[in-house]
Amino acid sequence: MELAKLLDQASSKVKVKLEEDLSRAKEEALSLIDDAYSKAMERASIKTKELVDRSKERVEGEKARLDVDNKRAFIDTRNFWLDRTYSRLLELVADYFKTAEYEEALANILKREVSEGVEVICSSRDVEKVNSILKELKGMKGVKVTPNDKIKGGVQLYYKEISMMKDFSIELLLKQIFESNKEKVAQILFEGE
Amino acid sequence: MQASIREFSSVSSIKGPLMVVQGVTDASYNEIVEVEMSNGEKRRGLVVDSQLGLAIVQVFEGTSGISPGGSRVRFLGRGLEVKVSEEMLGRIFNPLGEPIDGGSPIIKGERRDINGEPLNPAAREYPEEFIQTGISAIDGLNALLRGQKLPIFSGSGLPANQLAAQIAKQATVRGEESNFVVVFAAIGIRYDEALFFRKFFEETGAINRVALFMSLANEPSVVKTLTPKTALTLAEYLAFEQDLHVLAILIDMTNYCEALREISASKEEVPGRQGYPGYMYTDLATIYERTGKVKGKKGSITQMPILSMPNDDITHPIPDLTGYITEGQIVLDRSLYNKGIYPPINVLTSLSRLMKDGIGAGKTREDHKDVYNQLYSSYARGVELRGLAAIVGEEGLSETDRKYLLFADAFEREFISQGVNENRTLEQTLDIGWKVLSVLPERELTNVRQEYIDKYMKGAKS
């Protein structure tokens with residue numbers, strides 16, 4: 001009897017100890033699982049965030065690239081129409097050569113710039129005009145007039161002695177004026193101002 | 001309107017990039033010229049010497065193929081000007097302001113002389129606003145302020161390009177993000193570097209707010225020297241006419257100085273230190289001084305010139321003279337790079353002279369100054385102890401000293417080191433600072449106030 005009691009007591013003590021150990025083991029295991037789970041969650045959320053950030057960046061990059069492409073296309077189109085406008089201007093300027101203003105401008109340039117020995121290069125249409133202006137400039141010896149149909153209007157003056165050319169052609173003048181007023185022309189063409 | 005164009009066909013000699021034109025009596029110094037060769041090809045140049053009866057022209061694209069007979073030189077009657085406008089943002093240009101990204105020239109804009117005008121010293125405002133670059137080693141310990149010039153001293157093989165691109169992408173003025181733009185001047189870079197910058201800005205979406213000016217390594221020296229001037233001309237227009245905050249990044253100023261040396265040698269000028277021209281200091285100053293804030297103007301120009309120190313020698317004329325002009329320096333360190341740390345910024349040799357006026361309560365965060373002081377002094381001690389540990393071994397050090405060694409490692413790996421695409425806010429930077437400081441015992445944190453320790457370090461721990 002007493003042996004049975006003793007056995008009972010011993011086994012219940014062992015049982016309690018076992019239960020304690022098991023409970024501790026269970027807690028530790030749960031905490032290890034929790035730990036591993038949070039670490040995995042953290043890793044996963046960092047990875048997710050990285051992926052999201054990278055995707056966001058890719059989207060931003062695409063957006064920015066499209067923006068820039070649009071901008072470029074926009075400017076290309078405007079430049080195309082500006083170039084067309086300039087070509088049309090060159091065509092229309094032909095009417096200007098028939099005016100008295102043009103003759104006066106030619107005369108002013110020649111009076112100011114011509115000296116002895118100069119070669120005056122102009123379009124074949126203007127040769128007569130230039131010759132008549134030069135006749136009025138008395139005392140200009142050795143001035144030669146050379147036709148060149150590459151020049152639409154105005155003159156180029158070649159000073160042979162110093163190998164210098166001064167360009168008063170209409171193309172150069174128009175180019176300078178058009179370039180410096182390109183913004184205004186663009187405003188008129190595209191913004192209706 | 002421009003003066004009449006004068007054209008001469010009297011080229012008497014050609015020597016290197018220089019051409020002598022006879023018969024010219026009215027050429028202005030720095031007047032731009034156009035050279036038309038016998039085959040119709042056109043090149044451009046500048047008048048670098050004007051005398052009665054002759055002018056010496058430096059041809060941008062070099063003189064190979066140009067013969068004295070058959071070439072015509074046109075003097076255009078104006079200096080080198082570029083058209084600048086906001087339309088340049090998002091585009092790529094050469095140093096003459098011509099687009100090289102396949103698009104058309106800009107339409108709107110103003111023509112400006114690329115040499116600019118010096119800022120009236122009495123009209124300058126003192127820099128005080130913080131610029132967040134997203135790089136902890138800069139924001140935390142070497143802060144960049146709006147209107148400051150803070151160079152990066154790199155070395156051959158160090159990731160200065162990567163760092164420059166990251167700063168260009170991430171830099172911003174807090175609260176004024178929409179008004180912040182970057183003008184990027186790439187001087188004498190290799191083709192693969194040019195591709196890298198272009199791809200980086202396009203892929204990261206930064207291209208929209210960046211105007212890129214590029215000259216390649218194989219281009220003539222004169223063209224390279226024009227690059228920063230053209231970029232800064234646009235920067236000045238955007239800052240002082242359009243009220244934008246402009247960050248001008250110039251990379252690599254060493255290539256600029258080498259080009260200057262080449263040009264000086266070809267002009268047979270008397271060389272200065274290490275063959276560089278004696279006027280290099282003044283020349284660099286004319287570039288670096290195109291920075292700042294102006295009274296009455298909302299915009300500003302901040303400059304980050306980047307240069308490679310030949311042989312990692314900080315006493316070389318280029319970094320030496322740059323250091324005299326600029327307001328501090330960020331130094332990249334090879335030993336940090338070899339440890340795999342990016343960006344390899346050595347905070348002990350780096351300095352931002354104006355930082356103290358742009359950080360702290362009301363500007364960045366109240367604890368910024370204290371954290372900076374503590375991190376700096378603790379890291380300095382840690383580096384010193386590394387030397388000692390190499391002699392006596394770690395076992396010969398005290399417990400506290402060993403903590404400093406741990407701190408130094410943690411500082412390098414967590415605070416200094418960050419990802420190429422990692423953009424840290426200032427708060428994140430300071431919090432990381434507190435985290436690494438927590439490696440040290442509290443009694444060692446003698447440079448920070450107790451209230452900040454309680455609020456930021458202990459708060460972060462809990």
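Because the structure is predicted, anything quoted here is derived from the model rather than measured. (Residues numbered from 1 in each chain as written. Chains lettered and ligands numbered in written order. Predicted model: local features only at pLDDT ≥ 70, side-chain atom pairs only at ≥ 80, totals over all residues. Heavy atoms only, no water.)

**Examining the overall build of chain A**
Regarding its fold elements, chain A presents five helices and four strands. Counted from the first residue to the last, chain A has its helices and strands arranged as α-α-β-α-β-β-β-α-α. In terms of overall dimensions, chain A is more spread out than a globule: its C-alpha atoms have a radius of gyration of 47 Å, far above the 16 Å expected for 193 residues. Dimensions along the principal axes, computed over C-alpha positions, put chain A at roughly 155 × 40 × 20 Å. Within chain A, buried positions represent 27% of all 193 residues. In chain A, the share of contacts with a sequence separation of at least 24, taken over all contacts with a separation of at least 6, comes to 68%. Split by element, the accessible area of chain A, about 14,000 Å² in all, is 58% carbon and sulfur. (Helix = DSSP H or I, 4+ residues; strand = E, 2+ residues; numbered from the N terminus. Rg over C-alpha atoms; globule rule 2.2 N^0.38 Å. Buried < 20%, exposed > 50% of the residue type's maximum accessible area, 1.4 Å probe, protein only. Contact = heavy atoms within 4.5 Å. Areas by Shrake-Rupley, 256 points an atom, 1.4 Å probe, with all protein chains shown as cover.)

**So, the layout of surface pockets**
One number sums up the size of the largest pocket: a volume of about 1,600 Å³. Lining the largest pocket we find 41 residues, and of these Lys175(A), Glu179(A), Glu34(B), Leu76(B) and Arg78(B) sit closest to its centre. Looking at the lining of the largest pocket residue by residue, the class counts come to 13 nonpolar, eight polar and 20 charged. Here the second largest pocket is characterised by a volume of approximately 960 Å³. Lining the second largest pocket are 27 residues; nearest its centre among them are Asp53(A), Glu57(A), Lys169(B), Asn421(B) and Asn423(B). Elements with a minimum of two residues in the lining of the second largest pocket: helix H1 (2-92) of chain A together with helix H2 (160-170) and helix H11 (426-437) of chain B. Residue contributions to the lining of the second largest pocket peak at eleven residues, all from H1(A). (1 Å grid on protein atoms, 1.4 Å probe; cavity = no way out; pocket = protein on both sides within 12 Å on 5 of 7 lines; lining within 4 Å. Points joined across faces, edges and corners; volume = space filled by probe spheres on them. Nonpolar A, V, L, I, M, F, W, Y, C, P; charged D, E, K, R; others polar.)

**Thoughts on the interface of chain B and chain A**
Tallying the contact residues gives 33 residues for chain B and 29 residues for chain A. Between chain B and chain A lies a buried interface of about 2,600 Å² when both sides are counted; carbon and sulfur atoms form 54% of it. Our enumeration of links across chain B and chain A arrives at two salt bridges. For the salt bridge of Asp101(B) with Arg72(A), the shortest nitrogen-to-oxygen distance reads 3.2 Å. Along the contact surface separating chain B from chain A lie nine residue pairs in polar contact (both at pLDDT 80 or more). Where the side of chain B that touches chain A is concerned, the elements lending two or more residues are strand S1 (5-8) and helix H3 (191-203) of chain B. When the residues that make up the side of chain B that touches chain A are grouped by side-chain class, the tally is eight nonpolar, 14 polar and eleven charged. (Buried area = accessible area lost by both parts, 1.4 Å probe. Salt bridge = Lys/Arg side-chain N within 4 Å of Asp/Glu carboxyl O. Polar contact = N/O pair within 3.5 Å; in protein donor to acceptor, adjacent residues only side chain to side chain.)

**Digging into the domain arrangement of chain A**
All names here are of chain A. Assigned domains within chain A: domain 1 (1-98) and domain 2 (99-183). Between domain 1 and domain 2, the C-alpha centre-to-centre distance is 72 Å. Facing eleven residues of domain 1, the contacting portion of domain 2 comprises 14 residues. Summed over both sides, the interface of domain 1 with domain 2 buries roughly 1,200 Å², with 72% coming from carbon and sulfur. Its largest share of buried area at the contact with domain 2, domain 1 owes to Tyr-86, Tyr-96 and Phe-97, together 57% of the area lost on that side. On inspection of domain 1 and its partner domain 2, the count reaches zero salt bridges. At the boundary of domain 1 with domain 2, the tally comes to three residue pairs in polar contact (both at pLDDT 80 or more). Classifying every residue of the side of domain 1 that touches domain 2 by side-chain character gives seven nonpolar, two polar and two charged. (Domains from an automatic or database assignment.)

**Some remarks on the nonpolar core**
Among soluble globular proteins, nonpolar side chains are generally buried collectively. All names here are of chain B. In this structure, Ile-167, Phe-184, Phe-201, Ile-249 and Phe-411 are the most contacted members of the largest nonpolar core, which totals 77 residues. Per element, the largest residue contribution to this core is eight residues, and it comes from helix H10 (residues 399-416). Those residues in contact with Ile-167 that lie beyond four places of it in its chain are Thr-133, Ile-135, Ile-138, Ile-152, Leu-247, Ile-249 and Met-304. (Core = buried A, V, L, I, M, F, W, Y, C linked by side-chain atoms within 4.5 Å.)

**Some words on the sheet that holds strand S13 (residues 144-145) of chain B**
All names here are of chain B. What the three strands build is an open sheet, ordered S13-S12-S15; its pairing is antiparallel. Whereas interior strands pair on both sides, the edge strands pair on one side only; in this sheet they are S13 and strand S15 (172-173). Where strand S12 (residues 130-132) meets S13, two bridges bridge the pair, whose relative direction is antiparallel. The residue of S13 that forms the bridge with Ile-131 is Leu-144. (Pairing = 2+ DSSP bridges.)

**Regarding the pattern of salt bridges**
Close approach of charged atoms lets side chains of opposite charge pair. All names here are of chain B. According to the stated counting rule, one finds 56 salt bridges over all chains in the structure shown. A salt bridge links Glu-289 to Lys-149, with the nearest nitrogen and oxygen atoms 3.5 Å apart. With Glu-289 in the loop between helix H6 (280-288) and strand S19 (292-294) and Lys-149 in the loop between S13 and strand S14 (152-155), this pair connects stretches of sequence that are 140 residues apart. Taking the relative accessible area as the measure of exposure, Glu-289 reaches 32% and is therefore partly exposed. With a closest N to O distance of 3.3 Å, Asp-431 and Arg-365 form a salt bridge. With Asp-431 in helix H11 and Arg-365 in the loop between strand S22 (351-352) and helix H9 (368-392), the pair connects residues that are 66 residues apart, well separated along the chain. It is possible to trace a salt-bridge network through shared partners that takes in Glu-7, Glu-34, Glu-36, Arg-72 and Arg-74.

**Observations concerning the environment of Val24(B)**
Within the element layout of this structure, Val24(B) appears in strand S3 (residues 18-24). If sequence neighbours within four positions are ignored, Val24(B) has contacts with Phe8(B), Gln51(B), Leu52(B), Gly53(B), Leu54(B), Ala55(B) and Phe75(B).

**Notes on the packing of aromatic side chains**
Under the counting rule described, the total for this entry stands at 18 aromatic pairs over all chains. Pairing Tyr96(A) with Tyr102(A) gives two aromatic rings, centres 5.7 Å apart and planes at 70°, and the pair type is edge-to-face. In this structure Tyr96(A) comes out as partly exposed when scored by relative accessible area, which is 28%. A relative accessible area of 2% means that Tyr102(A) is categorised as buried. Centre to centre, the rings of Phe411(B) and Phe415(B) are 5.2 Å apart; their planes meet at 10°, and the pair counts as stacked. With Phe411(B) and Phe415(B) both in helix H10 and four residues apart, the pair spans about one turn of that helix. (Phe/Tyr/Trp six-rings, centres within 6.5 Å; stacked < 30°, edge-to-face > 60°.)

**Looking at H6(B)**
Taken residue by residue, H6(B) has Met280(B), Asp283(B), Leu284(B), Ala285(B), Ile287(B) and Tyr288(B) as its buried positions. The secondary structure elements touched by the buried residues of H6(B) are helix H4 (221-240), strand S18 (245-251), helix H5 (253-266), strand S20 (300-309) and helix H7 (317-325) of chain B.

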